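This is what each chain is made of:
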Amino acid sequence: MALLETLTFVLGIIYGYVSPGREDRGALIKKGLMIGIVLGIIFTVLGTFVGGAVMTLSGVAIGVATFIEVVILTVLFIIGTWIGDWLEGRSKSTASKISQ
């Protein structure tokens, strides 16, 4: 699973560097939380319907684990965008110094 977290972090850096200006991190965290809640509910409902009453508890556990994983991935992506924005600012300040 560490590969997924690393990939998310690197994609966050690339996204922060490539997209112009600062990212709206508040909107990113809200979207990530909403995606986590929706996926958690979907996996909980699927676990309940597929496994019956016995699987209800494990369905809830899977839903909670999915929500936590999505939140972790969202936070890693946001940290990556922060680093990408910082790198973008550094490269622009270096380019402006060279052109003067």
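Above this text sits the structure in question.
Residues numbered from 1 in each chain as written. Predicted model: local features only at pLDDT ≥ 70, side-chain atom pairs only at ≥ 80, totals over all residues. Heavy atoms only, no water.

Caption draft 1: The arrangement of the overall build of the protein chain in detail. Regarding its fold elements, the protein chain presents 3 helices and 0 strands. Reading the secondary structure of the protein chain in the N-to-C direction produces α-α-α. Each of the 100 residues in the protein chain was classed as buried or not, and the buried ones make up 25%. A separation of at least 24 residues holds for 82% of the contacts in the protein chain among residues at least 6 apart in sequence. Summing over all exposed atoms, the protein chain offers an accessible surface of approximately 6,800 Å²; the carbon and sulfur share of this is 79%. (Helix = DSSP H or I, 4+ residues; strand = E, 2+ residues; numbered from the N terminus. Buried < 20%, exposed > 50% of the residue type's maximum accessible area, 1.4 Å probe, protein only. Contact = heavy atoms within 4.5 Å. Areas by Shrake-Rupley, 256 points an atom, 1.4 Å probe, with all protein chains shown as cover.)

Caption draft 2: Layout of a nonpolar patch on the surface. Judged by side-chain polarity, Leu-7, Val-10, Leu-11, Ile-14, Tyr-17, Val-18, Trp-86 and Leu-87 come together as a nonpolar surface patch covering roughly 760 Å² of accessible area. When residues in the nonpolar patch are grouped by element, the largest group, 6 residues, is from helix 1 (residues 2-18). Secondary-structure assignment places Trp-86 in helix 3 (residues 56-99). (Patch = residues over 30% accessible without salt bridge, like charges linked within 9 Å, V, L, I, M, F, W, Y side chains within 5 Å. Salt bridge = Lys/Arg side-chain N within 4 Å of Asp/Glu carboxyl O.)

Caption draft 3: Main features of the packing of aromatic side chains. The full count for this structure, using the stated rule, is 1 aromatic pair. Centre to centre, the rings of Tyr-15 and Phe-77 are 5.6 Å apart; their planes meet at 35°, and the pair counts as tilted. Of this pair, Tyr-15 sits in helix 1 while Phe-77 is found in helix 3, placing the two residues 62 residues apart along the sequence. Among the residues examined, Phe-77 registers a relative accessible area of 23% and is labelled partly exposed. (Phe/Tyr/Trp six-rings, centres within 6.5 Å; stacked < 30°, edge-to-face > 60°.)

Caption draft 4: Expanded view of the environment of Ile-29. Relative to the helices and strands, Ile-29 is located in helix 2 (residues 25-51). In this structure the C-alpha to C-alpha distance between Ile-29 and Phe-77, which are 48 residues apart in sequence, comes to 9.4 Å. Every residue in contact with Ile-29, bar those within four places of it in the chain, is listed here: Thr-74, Val-75 and Ile-78.

Caption draft 5: Expanded view of the environment of Pro-20. Here Pro-20 shows up in the loop between helix 1 and helix 2. Measuring from C-alpha to C-alpha, the distance between Pro-20 and Glu-88 comes to 8.4 Å, with 68 residues separating the pair along the chain.

So, to be careful, I would describe these as geometric facts and stop short of saying anything about function.
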